[in-house]
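# What the coordinates show
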Amino acid sequence: MFSSLTGNISSNNITIDSGQEGIDLGSNSNGTYIFNNTINSSSSTGIFVSGPDRTFIHFNNITAENQAIWTESPRTTIQNNDLTSLGADTSGVRLDSAENIVANNNISTIGSTSPGIYIQAANNNMSGNNITSSGASAYGIHLDSGTSNSILLNNTISSFFF
């Protein structure tokens, strides 16, 4: 597990089965680039961003039992990733903050109430994503209250309810 780093995190194979995040960025991680990693998390989130401003997450392959990527920080760019989230009440990408960009990702979720992208904040931009969601109430993109001024553009969404 990597935690609270500044700089680049790249070209790692990370396997987590202990309930910890694959990569956990805290408040002293502004401007961090996370790229070209493979993360397999059997019990938690692949990448969790909780404090830094302007994080860039590109070209990663993440499979997680919880959110593949979860950000509580503004101005995170999540682009060109392959993301798979397995399990109920989770998502491929979860945005709890404003002014994020989620673009050109392949996102798959399998599990009830597990949208591809779950948004809880305003002013976010989702474009060019390929999203496949399978399970009861597994929507492609779920916009919660308070998501005003968000842009959804040219996303391809397939939802399979069972």
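Structural data are supplied above this passage.
So, here is what we can say about the structure in this document. (Residues numbered from 1 in each chain as written. Predicted model: local features only at pLDDT ≥ 70, side-chain atom pairs only at ≥ 80, totals over all residues. Heavy atoms only, no water.)

### Topic: the nonpolar core
- Among the nonpolar cores identified, the biggest contains 22 residues, and I47, I62, V93 and I117 are the most heavily contacted of them.
- When contributions to this core are tallied by element, the ones reaching two or more residues are strand 4 (23–25), strand 7 (47–49), strand 9 (61–64), strand 13 (93–95) and strand 16 (117–119).
- The residues touching V93, leaving out its near neighbours within four places in the chain, are I69, I78, L83, V102, I107, G116, I117 and Y118. (Core = buried A, V, L, I, M, F, W, Y, C linked by side-chain atoms within 4.5 Å. Buried < 20%, exposed > 50% of the residue type's maximum accessible area, 1.4 Å probe, protein only. Helix = DSSP H or I, 4+ residues; strand = E, 2+ residues; numbered from the N terminus. Contact = heavy atoms within 4.5 Å.)

### What to know about the pairing of strand 15 (residues 106–110)
- Residues I107 and T109 of strand 15 are buried on one face, while the alternating residues N106, S108 and I110, pointing to the opposite face, are not.
- One ladder, built from five bridges, connects strand 12 (residues 82–86) with strand 15; its direction is parallel. Within strand 15, the residue paired with L86 across the bridge is I110. (Pairing = 2+ DSSP bridges.)

### Let's talk about the environment of D82
- Among the structural elements, D82 can be located in strand 12.
- Remark: the alpha-carbon pair of D82 and N106, spanning 24 residues in sequence, is separated by 4.8 Å.
- A distance of 2.8 Å separates polar atoms of two side chains, one belonging to D82 and the other to N106. (Polar contact = N/O pair within 3.5 Å; in protein donor to acceptor, adjacent residues only side chain to side chain.)

### Observations concerning the environment of N104
- Relative to the elements of secondary structure, N104 occurs in the loop between strand 14 (101–103) and strand 15.
- Residue N104 is classed as partly exposed on the basis of its relative accessible area, which comes to 40%.
- Sequence-distant contacts of N104, that is, excluding residues within four places in its chain, are made with Q79, N80, N81, S127, G128 and N129.

### Examining the packing of aromatic side chains
- Enumeration over the complete set of coordinates arrives at three aromatic pairs.
- Taking the centre distance of 4.6 Å and the plane angle of 15 degrees together, the rings of Y33 and F56 count as stacked. One end of the pair, Y33, is in strand 5 (residues 33–35); the other, F56, is in strand 8 (residues 56–58), and 23 residues separate them in sequence.
- Here Y33 falls in the partly exposed class, since its relative accessible area comes to 37%.
- Seen from their ring centres, F48 and W70 are 5.1 Å apart, and the 65 degrees between their planes marks the pair as edge-to-face. Note that F48 is positioned in strand 7 and W70 in strand 10 (residues 69–71), a separation of 22 residues in sequence.
- Judged by its relative accessible area of 14%, F48 falls in the buried class.
- Residue W70 is classed as buried on the basis of its relative accessible area, which comes to 19%. (Phe/Tyr/Trp six-rings, centres within 6.5 Å; stacked < 30°, edge-to-face > 60°.)

### As for the pattern of salt bridges
- Applying the stated criterion to the full structure yields three salt bridges.
- Here R94 makes a salt bridge to D96, at a shortest N to O gap of 3.0 Å.
- Because the salt bridges share partners, they merge into one network encompassing D53, R75 and E99. (Salt bridge = Lys/Arg side-chain N within 4 Å of Asp/Glu carboxyl O.)

### Notes on the side chain of N155
- Along the chain, N155 falls in the loop between strand 20 (151–153) and strand 21 (156–160).
- Within the structure, the side chain of N155 is placed 3.1 Å from the backbone oxygen of M126, a separation counted as a polar contact.
- A polar contact of 3.5 Å, which involves the side chain of N155, links it to the backbone nitrogen of G128.
- Not counting residues up to four positions away in its chain, the partners in contact with N155 are M126, S127, G128, N129 and I141.

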